[in-house]
Amino acid sequence: MRYGFVGSFGSATELVRLAVEAEEHGWDGFFGWDGVSLGPAPTWDPFTLLGAVAAQTSRIRLGTLVLALPRRLPWELARQALTLDHLSGGRLVLPVGVGVTDDRAVAGVLGRGATPTDLRTRAALLDETLAVLDLAATAEPFSFTGEHYHIEEMQIAPAPLQRPHVPVWPVGAWPSVRSMRRAARWDGVVVQLRGERAMADPTPDDVRDLVAWLTRERGADAMAGFDVVLQGTFTGEADAAARAAAYEEAGATWWIDGRWEGEDAQFTRQLALVREGPPR
């Protein structure tokens, strides 16, 4: 099991400091988040922030939990990911999803630049963006024709350091077959429960069931190196190590700790939790 921490709130400088402390205290990854206008709280561009983190760290994985792909242009995202992959020495991962419609960058934009709000269209944009990212990672000229994007003779060079592409972790809404099949085609899954349990933490039994499903879908040999990523909170809790062991036994490979409300969202509290280290 590897452990990551989400820098949820704080100034840009504070979040870079938090990432440096995370590396110093034994964490395996540091993650930003992707929002533009979600109320009065400060939001930072994740690629700019992680570029600064890359320059001051050497070991931890870097990512954004999660990138809202439908409101990003695929070729611009490919260039951003390529740049950060090189700046970090090949430490970037791309957790991706359809995004949230209550971001005013979605709900508040009409006309040119507007992002569709219906789930079907956003899912299609997500899939096409991932297809373009995969083509761009070859560093060879490529063309692409989809329902939403038509690209002729584009080349984005050089290739990423990570081959065949920067690892992609789509959100998988368990037990939705369509959502899980998307994740199964890539390099990992950010686990989210579906329906009435959408806000609940998966149990070890949930993880065991979805890993069994993924093994059937991908094949046992293809599960080597495939990441099963959980997010939530347990750092600082008395039973954290036991919970982590149960999730690891069930097949999880990452736990990413994120704090979004109340005292836990304050920078000083996040810093204290990071300094405790992961629950190994």
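For the structure given in this document, a descriptive report is provided here. Keep in mind that this is a model prediction, so the values were computed, not measured.

Notes on the overall build of the protein chain
Per the secondary structure count, the protein chain includes nine helices and eleven strands. Relative to the compact-globule value of 19 Å for 280 residues, the protein chain shows a C-alpha radius of gyration of 18 Å, a close match. Dimensions along the principal axes, computed over C-alpha positions, put the protein chain at roughly 55 × 45 × 35 Å. Among the 280 residues that make up the protein chain, the fraction classed as buried is 51%. Surface summary for the protein chain: the accessible area is close to 12900 Å², and the carbon and sulfur share equals 52%. Side chains of the protein chain carry 27 positive and 37 negative charges; the gap between the two charge centres is 2 Å.

Some remarks on the side chain of His165
As for its position among the elements, His165 is in the loop between strand E7 (150-154) and strand E8 (168-174). The buried category is assigned to His165, whose relative accessible area is 13%. Among the polar contacts made by the side chain of His165, one reaches the side chain of Asp187 at a distance of 2.9 Å. Setting aside residues no more than four positions away along its own chain, His165 makes contact with Asp134, Ala137, Trp186 and Asp187.

Section: the side chain of Glu21
Along the chain, the position of Glu21 falls in helix H1 (residues 12-24). Beyond its immediate chain neighbours, meaning those up to four positions away, Glu21 contacts Leu271, Val274 and Arg275.

Side note on the layout of surface pockets
If you add up the space inside the largest pocket, you get close to 2000 Å³. Every residue lining the largest pocket is counted, 50 residues in all, and those nearest its centre are Val66, Val100, Val171, Gln192 and Gln231. For the lining of the largest pocket, the secondary structure elements donating two or more residues are helix H5 (119-136), E8, helix H6 (177-184), strand E9 (188-193) and strand E10 (227-232). Across the lining of the largest pocket, the residue classes tally to 25 nonpolar, ten polar and 15 charged. In this model, the second largest pocket occupies a volume close to 340 Å³. Every residue lining the second largest pocket is counted, 14 residues in all, and those nearest its centre are Pro70, Arg71, Arg72, Leu73 and Gly113.

As for the sheet that holds strand E3 (residues 61-64)
Taking strand neighbours across the sheet as the criterion, the nine strands line up as E3-E2-E1-E11-E10-E9-E8-E5-E4 in an open arrangement whose pairing is parallel. Unpaired on one side and paired on the other, E3 and strand E4 (67-68) mark the two borders of the sheet.

A short note on the packing of aromatic side chains
Each aromatic ring pair is specified by the distance between its two centres and by the angle formed by the two planes. For the structure on display, the rule yields ten aromatic pairs. Judged by centre distance (5.8 Å) and plane angle (70°), the rings of Phe9 and Trp33 are edge-to-face. Linking Phe9 in the loop between strand E1 (2-6) and H1 with Trp33 in the loop between strand E2 (29-32) and helix H2 (46-56), this pair joins segments that are 24 residues apart in sequence. Relative to Trp260, the ring of Trp33 lies with its centre 5.8 Å away and its plane at 85°, an arrangement referred to as edge-to-face. Taken together, the residues Trp33 in the loop between E2 and H2 and Trp260 in the loop between strand E11 (254-257) and helix H9 (267-276) connect sequence positions 227 residues apart. With a relative accessible area of 15%, Trp33 lands in the buried category.

Here's the deal with the pattern of salt bridges
Once their charged atoms are close, side chains differing in charge can pair, the charge on each being opposite to the other. Taken as a whole, this structure holds 17 salt bridges when the rule is applied. Ionic pairing is found between Asp34 and Arg71, a salt bridge with its closest N-O pair at 3.1 Å. You can see Asp34 sitting in the loop between E2 and H2 and its partner Arg71 sitting in the loop between E4 and helix H3 (74-87), a full 37 residues away along the chain. Measuring nitrogen to oxygen at the nearest pair gives 2.7 Å for the salt bridge that ties Arg197 to Asp206. A relative accessible area of 37% places Arg197 in the partly exposed class. Taking relative accessible area as the criterion, Asp206 reaches 9% and is therefore assigned buried. Beyond isolated ion pairs, a larger network of salt bridges with shared partners links Asp257, Arg259, Asp264 and Arg269.

About the thresholds
Residue positions within a chain follow its written sequence, with the count starting from 1. Per-residue local features of the predicted model are confined to residues with pLDDT of at least 70, and side-chain atom pairs are confined, for both listing and counting, to 80 or more; whole-chain, interface and lining totals are unaffected and use all residues. Note: side-chain values were computed over all heavy atoms of the structure, leaving out hydrogens and water. Secondary structure elements are taken from DSSP: a helix is a run of H or I of four residues or more, a strand is a run of E of two residues or more, and numbering for both begins at the N terminus. Radius of gyration here is computed from C-alpha atoms only, and the compact-globule reference equals 2.2 Å multiplied by the residue count raised to the power 0.38. Accessible area is worked out with a 1.4 Å probe on protein chains only. A residue is then buried under 20% of its type maximum, exposed over 50%, and partly exposed in between. Surface accessibility in these figures is a Shrake-Rupley result with a 1.4 Å probe; residues are shielded only by whichever protein chains are displayed. Only four residue types enter the charge count, namely Lys and Arg as positive and Asp and Glu as negative; His and the chain termini do not. For charged residues, the charge sits on one atom: NZ in Lys, CZ in Arg, CG in Asp, CD in Glu. Any N or O atom pair separated by 3.5 Å or less is treated as a polar contact, with the protein-specific requirement of one donor-capable and one acceptor-capable atom, and with residues adjacent in sequence counted only for side-chain atom pairs. We call two residues contacting when some pair of their heavy atoms lies within 4.5 Å. Here a cavity means grid points, on a 1 Å grid over the protein atoms only, where a 1.4 Å probe fits yet cannot get out; a pocket means an open set of points with protein on both sides within 12 Å along at least five of seven lines; lining residues are those with an atom within 4 Å of a point. Grid points are joined across faces, edges and corners, and a volume is the space filled by probe spheres set on the points. Polar here means any residue outside two lists: the nonpolar Ala, Val, Leu, Ile, Met, Phe, Trp, Tyr, Cys and Pro, and the charged Asp, Glu, Lys and Arg; Gly therefore counts as polar. Two strands pair under a simple rule: DSSP has to find at least two bridges between them. For Phe, Tyr and Trp, where Trp contributes only its six-membered ring, two rings pair if their centres lie within 6.5 Å, and the inter-plane angle classes them as stacked under 30 degrees, edge-to-face over 60, or tilted in between. Any Lys or Arg side-chain nitrogen located within 4 Å of an Asp or Glu carboxyl oxygen qualifies as a salt bridge.

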